[in-house]
Amino acid sequence: MINMKKPFSLQLDPDAFRPATAEEKEYISRMRPSSTFFRDGWKRLMKNKVATVSMILIIVITLSCILIPLFWPYSYDAMLGVRPGKPVDSSFNNLAPFTYGKTELKRIEEGESVFPHIFGTDAHGRDYFIRIVFGTRISLAVGFFASIIVLLIGLIIGSIAGYAGGKVDLFIMRIVDIIYSLPDMLVIILLAVVLGRVLNLEGTILEKIGSNIISMFIVFGLLYWVSMARLIRGQILSLREQEYVLSARATGAKGSWIIRKHLLPNCISVIIISTALQIPNAIFTESFLSFLGLGVNAPMPSLGSLASDALNGLNTYTYRLIIPAAVICLIVLSLNLFGDGLRDAFDPKLNA
Amino acid sequence: MSENKNDILLDVRGLKQYFPINTGFLKTRPLKAVDDVSFTIRRGETLGLVGESGCGKTTVGRTILHLYQPTAGEIRYDGQLIESKQSIREFRKKATMVFQDPYSSLNPRMTVSDIVAEPLDVHELCRTKQEREERVLELLGYVGLNSEHASRYAHEFSGGQRQRIGIARALAVNPEFIVCDEPVSALDVSIQAQVINMFDDLQDRLGLTYLFIAHDLLVVRHISDRIAVMYLGKLVELADADEIYRHPLHPYSRSLLSAVPLPDPKKARANKRIVLSGDIPSPLNAPSGCPFRTRCRYATEQCAQSMPELKDEGAGHLVACHRLKEIGD
Ligand SMILES: Nc1ncnc2c1ncn2[C@@H]1O[C@H](COP(=O)(O)OP(=O)(O)OP(=O)(O)O)[C@@H](O)[C@H]1O
Ligand code: SF4
Ligand SMILES: [Mg+2]
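The present account deals with the structure reproduced in this document. These numbers were taken from a predicted model, which means no experiment stands behind them.

1. What to know about helix α7 (residues 184-198) of chain A
All names here are of chain A. Over its 15 residues, α7 runs 20 Å from end to end, which matches the ideal 21 Å to within 8%, given 1.5 Å per residue. Every buried residue belonging to α7 is among V187, I188, A192 and L195, and all of these are buried. Along the axis of α7, the buried positions cluster into a sector of 130°, meaning they face one direction only. In this structure, α7 carries L190 and R197 as exposed residues pointing more than 90 degrees from its buried face. Where α7 is buried, its residues touch α9 (211-223) and α12 (255-291).

The following block contains the structure:
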């Protein structure tokens, strides 16, 4: 009789009210496989095409500027026209892409194979391609290490301010405000000029790196930690009030335990994201300073100084400006896009 | 339960907790979150602590556990003054806390077994991994969770389950005394009863003593032996649970009780609801004298001048009000 249910009747189907069998209960109570925060985030990151492509680009660029110099037959500072005991062969200067100097042409006629100058040579007869690769290497390294410096200083000062709170916090934050309000480009230029003269590196291992890069690191260390410190202080400040931190204190956990187990794991994603976004910033500043002649010391190339050198022959050799500029754009853009992707994937506020 | 002195597990005397509030550059004013609160809890008993939001219940619980350094007052546990570093450290193995918010009280980056085992790790109570694992499973068993839950992260659980995890963590060190800070107010009504029953069962099984905080009387009635009513940082009434239900004396407790829905419609109709006018004043500018006077129907000049003492009105029913006689029934 129940099977003949009328459309408007209030009759209920008793089948729907039978107690669940053990199997059904099991089915309902089975949970999805556990996944960690980082696995979740990684999955989300991989779904973001722009970020994935950027990441691959960054990896390819980084690997190639580490690996290419290992087998490339030319070195970044060798002037090909200069040979010991012989007059300078100016035919090597300002070669167009895929052309050769006099001695090289002779060798080709003799049947030897000569490695091509893909981007030609510069005004001093140096292989331009390897200089670009080296410049990229320098720029990436500066960006990376500058970000590490910024991270370390910002992390330490920010966590002290956030964890100590009170007067210490007030004092540190006023200093941060002061540094924040300085026009940073002006300070960078002034510091770079002064430090470049004052620093005496002769005889130290740092000599090879050059005083300009050292002063650049100092500039980064002095100026750019503030936003990182602010960020980390804010994080720690809000995490400190979380009840799980109180709970840890209620069980008698010490400060180091709380920082290690609760505070750092919960702000690690923010730290990684903002460090990733700091790198393109530093690369841009480095290129900018090098372009002004305050960056790396010659003959060491960087993308900025290469672009700056290219200004001399701008009309004839336009590509010498375009190539480093394009590489800077590519690196900065893909790092920024990757950083944004990281934030979308790992920002805890978005996936609560 | 006998009135024997030795039965008193926790003795709180004149507890004060003032928070410095910034009112300008380098200028502060004290916010009297808890102002001169005294009570005792007997071994095996549950003391319910009720009051409106912001009246300082959480602060009482946290100050007792020395999460905040008390501004003034004494806390004695088992006859011992809890003050020195050493005594606080020992105290932490005997007294724990279940927190108000099941969401922020569990670290999202830790697995359930790490969360539950945290007190064990901090106090180094387990020598081997095996021992730790077994203990975690035992604790999860107490609160109706199982080994399948142990390796998961807190965000995979419902509010009720999270609160159970929090309870398991509070049980980890084999405590005698637990401060339960509104453990059910963030939960669905249907789950509230379950969790409260679980507290009851655990108390019987493990011989626990509770300070059970809640913001409405209905929740604590069932579980509490005695109930303390708090208003604006002060205790206004303290009595046996049934006594406070049958004969609330303080005007504030009466209004709280009149707001409790009654199951019998006849009684409910007869019951005149006392609606409190106005809001609870900010503890930053608390009224002089009786804290309740701004909302009390019976307030007089005297109420503004002096703070009424908490007086015994017979059979351990403590009330702080000047005009009990005049108010009558
Ligand atoms: N750490 C703190 N610093 C400053 N003021 C505080 C602090 N903790 C609490 N307060 C203040 O103390 C008063 C009492 O707060 P408390 O959290 O104890 O109230 P509560 O009774 O637990 O309320 P609820 O029912 O909302 O949890 C509030 O006015 C609050 O703003
Ligand atoms: S002391 Fe006065 S104001 Fe306070 S509750 Fe009693 S009658 Fe009301
Ligand atoms: Mg509270």
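Next comes the rest of the write-up.
2. Quick look at the site of ligand 1
Residue and element names in this part refer to chain B. Near ligand 1 lie 16 residues; those nearest to it are S53, G54, T58, T59 and E182. At 3.2 Å, a backbone N or O of C55 approaches an oxygen atom of ligand 1. Within the side chain of K57, an N or O atom sits 2.9 Å from an oxygen atom of ligand 1. Compared with its free state, where it exposes 630 Å², ligand 1 has 69% of that area covered by protein. At the level of secondary structure, the elements contributing two or more residues to the shell around ligand 1 comprise β1 (8-24), β2 (27-42) and α1 (57-64). In terms of residue count, α1 provides more of the shell around ligand 1 than any other element does, three residues in total. Considering only residue class, the shell around ligand 1 consists of seven nonpolar, six polar and three charged.

3. A closer look at the site of ligand 2
Around ligand 2, 13 residues are found, and the nearest of them are C290, C296, C303, C321 and H322 of chain B. Of the residues contributing to the shell around ligand 2, the split by class is nine nonpolar, two polar and two charged.

4. Concerning the coordination of the magnesium ion (ligand 3)
Summarising the metal site, the magnesium ion (ligand 3) is bound by the protein donors T58 of chain B (OG1) and Q100 of chain B (OE1), whose distances to it range over 1.8 to 2.5 Å. With T58 of chain B in helix α1 and Q100 of chain B in the loop between β6 (95-98) and α3 (112-122), the pair connects residues that are 42 residues apart, well separated along the chain.

5. Things to note about a nonpolar patch on the surface
All names here are of chain A. A contiguous nonpolar surface patch, about 610 Å² in accessible area, is contributed by I59, L63, I66, L67, L70 and F71. Tracing the backbone shows L67 in helix α3 (residues 49-71). For L67, a relative accessible area of 43% translates into the label partly exposed.

6. A word on the sheet that holds β1 of chain B
All names here are of chain B. Ordered in space as β2-β1-β4-β5, the four strands form an open sheet in which the pairing is antiparallel. Looking at strand neighbours, the two that pair on one side only are β2 and β5 (80-81), the edges of this open sheet. Inspection of the sheet shows β1 paired to β2 by twelve bridges, in the antiparallel sense. In the sheet register, L15 faces β2, and the bridge partner there is V37. Lying on the sheet, α1 is in contact with β1, β2 and β4 (72-77); it crosses β1 at an angle near 115°.

Each value, and the rule that gives it
- Residues numbered from 1 in each chain as written.
- Chains lettered and ligands numbered in written order.
- Predicted model: local features only at pLDDT ≥ 70, side-chain atom pairs only at ≥ 80, totals over all residues.
- Heavy atoms only, no water.
- Helix = DSSP H or I, 4+ residues; strand = E, 2+ residues; numbered from the N terminus.
- Expected span 1.5 Å × (residues − 1).
- Buried < 20%, exposed > 50% of the residue type's maximum accessible area, 1.4 Å probe, protein only.
- Arc of directions from axis to C-beta.
- Contact = heavy atoms within 4.5 Å.
- Near = heavy atom within 4 Å.
- Polar contact = N/O pair within 3.5 Å; in protein donor to acceptor, adjacent residues only side chain to side chain.
- Areas by Shrake-Rupley, 256 points an atom, 1.4 Å probe, with all protein chains shown as cover.
- Nonpolar A, V, L, I, M, F, W, Y, C, P; charged D, E, K, R; others polar.
- Donors = N, O, S within 2.8 Å, 3.2 Å for Na, K, Ca; no water.
- Patch = residues over 30% accessible without salt bridge, like charges linked within 9 Å, V, L, I, M, F, W, Y side chains within 5 Å.
- Salt bridge = Lys/Arg side-chain N within 4 Å of Asp/Glu carboxyl O.
- Pairing = 2+ DSSP bridges.
- Axes fitted to C-alpha atoms, helices over the stretch in contact; angles between N-to-C directions.

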